[in-house]
Amino acid sequence: MTTAPASLSVRDVTVRFAGLTALDAVSFTVEPGSVHAVIGPNGAGKSTTFNVLSGVYRATSGSVHLGSTELTGLSPHRIADLGVARTFQNLALPPHATVAESLMLGRHRLTRAGFVASGLRLPSATREAQRHLERVREIAEFIGLDKELDFPAAALPYGKQKLVELGRALCMEPEVLLLDEPIAGMTADERRRTAAVVAGVRDSLGISIVMVEHDMGVVMRLADAVTVLDFGRRIAGGTPAEVQNDPAVVQAYLGAQE
């Protein structure tokens, strides 16, 4: 993994669907090796933002750059190849795969051996497969699932299943990791464990993280910077402390106070 990932720059991104403006000239920058939270009430545009960053949606106008590379309008596959990985709010694990097999899916884009070489078990393909397996074991240990590599992923407790999905994204060796509600639905213990893993991804691996999360306690503890959306517009940004005390943010979450 790169030790100094490039910044992710979102500039004046607008998304419209049949006359509805889902994002309205939204701009923010994710600094290298930081956790940047995107927060806001339901319907604020958080999911749309993630879908633009990962290539699921195409921006009507504006741009997204990873360093000097423009991501705007590229396919999800191409964006993943350029170093952007994401997890999803809802689990998307193969129903019968083991933890190791699920993590290995993240190595697919890094595989160089062709189908024939792999099928014939040529030495080059065998060596590459071994390197991928070793990396899978390292990442499993990093996220605390090295003892469960041979377990069916879908049979694990919910919090561990979410960690498998996080590990699969890490196996892609990303520069930027998009985490869509990484602790939603977890117990208190699972939340603490997952938050510690996310902090370790930033601190130990130097990966930039963009996180959508409703748990404001986790956001305030983990985020280096926060962008606040409301009705598709950026209404505030800054450090967690700055955002927490911003009157526009308080009003967006609590409504106008008499």
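Since the model is a prediction, treat every value here as computed from it, not as a measurement.

Asker: I'm lost on helix α7 (residues 188–205) in this one. Help?
Answerer: With 18 residues, α7 extends 25 Å between its outermost C-alpha atoms, agreeing within 8% with the 26 Å of an ideal straight helix rising 1.5 Å per residue. Just downstream of α7 lies Gly-206, where phi reads positive at about 70 degrees.

Asker: What is the right way to read the nonpolar core from this model?
Answerer: For soluble globular proteins, the rule of thumb is that nonpolar side chains tend to be buried together. Ranked by internal contacts, the top residues of the largest apolar core, which has 45 residues, are Leu-103, Val-164, Leu-170, Leu-177, Ile-209, Met-211 and Val-226. Core analysis: the second largest hydrophobic core is formed by 24 residues, Leu-8, Val-13, Leu-23 and Leu-229 among them.

Asker: Is there a simple way to explain the sheet that holds strand β8 (residues 208–212) in this structure?
Answerer: Whenever strands of a sheet pair, they do so through backbone hydrogen bonds, lying parallel or antiparallel. Pairing within the open sheet is mixed, and its 6 strands lie in the order β6-β7-β8-β3-β9-β10. Every other strand in the sheet has two partners, leaving β6 (84–86) and β10 (233–238) as the edge strands with one partner each. With strand direction ignored, the average angle separating the axes of adjacent strands in the sheet is 20 degrees. Pairing between strand β7 (residues 176–180) and β8: 5 bridges, direction parallel. Across the sheet, residue Asp-180 finds its bridge partner in β8, namely Val-212. Relative to the sheet, helix α1 (residues 46–53) contacts β3 (35–39), β6, β7, β8 and β9 (225–230), its axis offset from that of β8 by approximately 145 degrees. Packing against the sheet, helix α6 (residues 158–170) makes contact with β6 and β7, and its axis sits at approximately 160 degrees to β7.

Asker: Could you clarify how one ought to interpret the pairing of strand β2 (residues 20–30) in this entry?
Answerer: Successive side chains on a regular strand alternate, one facing one side of the sheet and the next facing the other. Where strand β1 (residues 8–17) and β2 come together, 7 bridges link them in antiparallel fashion. Looking at β2, one finds that Ser-9 is bridged to Thr-29. The loop that links β1 with its antiparallel partner β2 comprises 2 residues; one of these, Ala-18, has a positive phi angle of about 50 degrees.

Asker: In this structure, what is going on with the packing of aromatic side chains? I would like to understand it.
Answerer: Each aromatic ring pair is characterised by the separation of its centres together with the angle its planes make. Applying the stated criterion across every chain, the model contains 1 aromatic pair. Ring centres 5.1 Å apart and planes at 75 degrees place the aromatic pair Phe-17 and Tyr-57 in the edge-to-face group. Remark: Tyr-57 occurs in the loop between α1 and β4 (61–66) and Phe-17 occurs in strand β1; sequence separation between them is 40 residues. Among the residues examined, Phe-17 registers a relative accessible area of 37% and is labelled partly exposed.

Asker: How do you make sense of the pattern of salt bridges when you look at a structure like this?
Answerer: Two side chains that carry opposite charge are able to pair once their charged atoms sit near each other. Under the defined criterion, the tally for this structure stands at 12 salt bridges. Note that Glu-173 and Arg-135 form a salt bridge whose closest N and O atoms lie 2.8 Å from each other. Linking Glu-173 in the loop between α6 and β7 with Arg-135 in helix α5 (residues 123–143), this pair joins segments that are 38 residues apart in sequence. For the salt bridge of Lys-160 with Glu-148, the shortest nitrogen-to-oxygen distance reads 2.6 Å. With a gap of 12 residues between them, Lys-160 in helix α6 and Glu-148 in the loop between α5 and α6 connect regions that are remote in the sequence. Lys-160 gets classed as partly exposed once you look at its relative accessible area, which sits at 21%. Relative accessible area serves as the criterion here: at 10%, Glu-148 is assigned to the buried category. Salt bridges sharing partners connect three or more residues here, namely Arg-107, Arg-135, Glu-138 and Glu-173.

Asker: Sorry if this is basic, but what is going on with the sheet that holds strand β5 (residues 69–70) here?
Answerer: Pairing is antiparallel across the open sheet formed by 4 strands, whose spatial order is β2-β1-β4-β5. Looking along the sheet, the strands with just one partner apiece sit at the ends: β2 and β5. Looking at chain direction, β4 and β5 are connected through 2 bridges and run antiparallel. Bridge pairing in β5 links His-65 to Glu-70. Taken strand by strand, α1 contacts β1, β2 and β4, and its axis lies near 115 degrees from that of β1.

Rules used throughout
- Residues numbered from 1 in each chain as written.
- Predicted model: local features only at pLDDT ≥ 70, side-chain atom pairs only at ≥ 80, totals over all residues.
- Heavy atoms only, no water.
- Helix = DSSP H or I, 4+ residues; strand = E, 2+ residues; numbered from the N terminus.
- Expected span 1.5 Å × (residues − 1).
- Core = buried A, V, L, I, M, F, W, Y, C linked by side-chain atoms within 4.5 Å.
- Buried < 20%, exposed > 50% of the residue type's maximum accessible area, 1.4 Å probe, protein only.
- Pairing = 2+ DSSP bridges.
- Axes fitted to C-alpha atoms, helices over the stretch in contact; angles between N-to-C directions.
- Contact = heavy atoms within 4.5 Å.
- Phe/Tyr/Trp six-rings, centres within 6.5 Å; stacked < 30°, edge-to-face > 60°.
- Salt bridge = Lys/Arg side-chain N within 4 Å of Asp/Glu carboxyl O.

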